[in-house]
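Architecture at a glance
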Amino acid sequence: MNDDELKELFEPLRTQEPTGEMRAANRDAVLGASPVTPWWRRTVEVPLPVALATAAGLVIAVSRPTALSTPIAPAESIPAVAPAPEPTPIADSYVESRQYLPGFGVVYREVSYQPQETR
């Protein structure tokens, strides 16, 4: 069989129109088929108490400054605001140094007290 013979055989099928029932069945099948949605577009049902508890936990966790309340070792890149003065040999020495981080405040504080030795 060549192409011309096949075209002659299929010619009556090209001119036929589907019946109304067939069109309705096809339309219902197309509309009823649900496409597979990607995972990022799918919805997940979460109970309201669980959602509220999670939101409250996140708010509490973000509002607590736990990272800044613990001492942090001084970083090489954060210079001290002012160098500590040399202790005077006459009196007791009290030295306080702080390191600041813009937007956070004091990130490291060191206080030292050295009483003068008596001879």
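Starting afresh in each chain, residues are numbered from 1 along the sequence in its written order. Local features are withheld for residues below a pLDDT of 70 in this predicted model, meaning they are given only at 70 or higher, and side-chain atom pairs are given and counted only at 80 or more; totals for whole chains, interfaces and linings count all residues. To obtain the side-chain values, all non-hydrogen atoms of the structure were used and water was disregarded.

Quick look at the confidence of the model for the protein chain
Each residue carries a pLDDT value, the predictor's own confidence for that position, ranging from 0 to 100. Considering every residue of the protein chain, the mean pLDDT works out to 78; 74% of them sit at 70 or more. Each helix corresponds to a stretch of at least 4 residues labelled H or I by DSSP, and each strand to a stretch of at least 2 residues labelled E; elements are numbered beginning at the N terminus. Across the protein chain, helix H3 (residues 48-63) holds the top mean pLDDT of 90, while helix H4 (residues 66-69) sits lowest at 53.

Examining the pattern of salt bridges
One speaks of a salt bridge when a side-chain nitrogen belonging to Lys or Arg is within 4 Å of a carboxyl oxygen belonging to Asp or Glu. Per the stated rule, a full pass over the model turns up 4 salt bridges. Put simply, arginine 14 and glutamate 11 hold a salt bridge, and the shortest N to O gap is 3.9 Å. Taken as a pair, arginine 14 and glutamate 11 lie in helix H1 (residues 3-15) at a separation of 3 residues, close to a single helical turn. Whether a residue is buried, partly exposed or exposed follows from its accessible area with a 1.4 Å probe, protein chains only, as a fraction of its type maximum: under 20%, in between, or over 50%, in that order. Since its relative accessible area comes to 57%, arginine 14 is described here as exposed. Residue class for glutamate 11 comes out partly exposed when judged on its relative accessible area of 40%. Notably, a salt bridge pairs glutamate 96 with arginine 98, separated by 2.8 Å at the nearest N-O pair.

Considering H3
An expected span of 1.5 Å times one less than the residue number is assigned to each helix. In this model H3 runs 23 Å from its N-terminal to its C-terminal C-alpha over 16 residues, within 8% of the 22 Å that 1.5 Å per residue would give. For H3, the buried fraction is low: 0 of the 16 residues fall into the buried class.

Concerning the pairing of strand E2 (residues 105-114)
Relative to E2, strand E1 (residues 93-101) is paired through 9 bridges, and the arrangement is antiparallel. Of the residues in E2, the one forming a bridge with glutamine 99 is tyrosine 108. By this definition, two strands are paired if DSSP reports at least two bridges between them. Connecting E1 to the antiparallel partner E2 that follows it, the hairpin turn spans 3 residues, and glycine 103 within it adopts a positive phi of roughly 90 degrees.

A word on the packing of aromatic side chains
In summary, the pairing rule links any two rings of Phe, Tyr or Trp, Trp by its six-membered ring, whose centres are within 6.5 Å, and it sorts them by plane angle into stacked for under 30 degrees, edge-to-face for over 60 and tilted for everything else. In total, this model carries 1 aromatic pair according to the counting rule given. Considering the side-chain rings of tryptophan 39 and tryptophan 40, the 5.9 Å spacing of their centres and the 90 degrees angle between planes classify their relative orientation as edge-to-face. Take tryptophan 40: its relative accessible area is 57%, and that puts it in the exposed class.

With respect to H1
An α-helical segment advances 3.6 residues per turn. Residues three or four places apart therefore align on the same side. When the terminal C-alpha atoms of H1 are compared, their 18 Å separation across 13 residues agrees well with the 18 Å that a helix rising 1.5 Å per residue should span. Any pair of nitrogen or oxygen atoms within 3.5 Å is treated as a polar contact; in protein, a donor-acceptor pairing is required on top of that, and neighbouring residues in sequence qualify only through side-chain atoms on both sides. You can read the cap of H1 off the contacts: a side-chain oxygen lies 3.3 Å from the backbone nitrogen of aspartate 4, and it is on asparagine 2.

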